[in-house]
Amino acid sequence: MNILLFIGGILGLLSVMMAAYIDHALIAYLTEKSLNSMLTAVRYHQFYSIIICILGLALPLQTNSRIKSWLSRTAYLFLIGLILFSFSIYISSLFNVVGIIYLTPVGGIVLMVGWLSLIRTALLRI
């Protein structure tokens, strides 16, 4: 089983479900600030779900173990960053859990580290 492709698929499905839920059920109840935050969370959620799927598809094709290791590390950094970033916004907005919003910038930093990991992968000598 391709675990990254599986996780990416689940995350992609959840992102569409969240977008539909926001658009059809929550839009009348959210403040403008909460709505904007939720829409940003959905955008990041959808974008990184696709990237995780792409990395899940690329990993089995790699023959170089160092590249494979760095791509895998990158995918998991994106996964952790996505969960911390988007899901902290969802939980904060939906359930009014104020303290969890402090995880959002941590998620953003983890996403940046994921990009640095991808850049590092590109610089590896084959």
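Owing to the predicted nature of the structure, the values given are computational and were not obtained by experimental measurement. (Residues numbered from 1 in each chain as written. Predicted model: local features only at pLDDT ≥ 70, side-chain atom pairs only at ≥ 80, totals over all residues. Heavy atoms only, no water.)

Novice: Looking at this structure, I do not really get the nonpolar core. What am I missing?
Specialist: The nonpolar side chains of a soluble globular protein tend to be buried, and buried together. If you look at the biggest cluster of nonpolar residues, it comprises 26 residues, and the most contacted ones within it are Ile-22, Met-38, Ile-52 and Phe-78. Where this core is concerned, the elements lending two or more residues are helix H1 (3-26), helix H2 (32-58) and helix H3 (65-95). The element that contributes the greatest number of residues to this core is H3, accounting for nine residues. Other than its neighbours up to four places away in sequence, Ile-22 contacts Ile-27, Leu-30, Leu-35, Met-38, Leu-39 and Val-42. (Core = buried A, V, L, I, M, F, W, Y, C linked by side-chain atoms within 4.5 Å. Buried < 20%, exposed > 50% of the residue type's maximum accessible area, 1.4 Å probe, protein only. Helix = DSSP H or I, 4+ residues; strand = E, 2+ residues; numbered from the N terminus. Contact = heavy atoms within 4.5 Å.)

Novice: Honestly, unusual backbone geometry in this entry has me stumped. Any pointers?
Specialist: Glycine aside, a negative phi is what most residues show, and trans is what most peptide bonds show. Phi is positive for Asn-96, which is not a glycine, with a value near 55°. Relative to the helices and strands, Asn-96 resides in the loop between H3 and helix H4 (103-122).

Novice: What am I meant to see in the environment of Leu-59 here?
Specialist: When you line up the elements, Leu-59 lands in the loop between H2 and H3. In the structure, Leu-59 is positioned eleven residues away from Trp-70 in sequence and 9.8 Å away in space, judged by C-alpha atoms. If we ignore the near neighbours within four places in the chain, the residues touching Leu-59 are Leu-4, Lys-68, Leu-71 and Ser-72.

Novice: Any chance you could explain the packing of H3 against H4 here in plain terms?
Specialist: Two packed helices can be described by the angle between their axes and the distance between those axes. The contact between H3 and H4 brings their axes to 7 Å, and the two run at 160°. As far as their axial angle goes, H4 and H3 are roughly antiparallel. Relative to H4, the crossing made by H3 is left-handed. In terms of residue class, the contact of H3 with H4 is built from 17 nonpolar, nine polar and three charged. (Axes fitted to C-alpha atoms, helices over the stretch in contact; angles between N-to-C directions. Parallel < 35°, antiparallel > 145°, perpendicular 65-115°, else oblique. Left-handed = near helix turned anticlockwise from the far one by under 90°. Nonpolar A, V, L, I, M, F, W, Y, C, P; charged D, E, K, R; others polar.)

Novice: Would you mind showing me how to read the environment of Ile-83 here?
Specialist: When you line up the elements, Ile-83 lands in helix H3. The exposure class assigned to Ile-83 is partly exposed, which follows from its relative accessible area of 40%. Considering only alpha carbons, one finds Ile-83 and Leu-39, 44 residues apart in sequence, at a separation of 15 Å.

Novice: Hey, could you run me through the environment of Phe-85 in this one?
Specialist: Residue position: Phe-85 is located in helix H3. For Phe-85, a relative accessible area of 12% puts it in the buried group. C-alpha separation for the pair Phe-85 and Tyr-44, spaced 41 residues apart in sequence, amounts to 8.2 Å.

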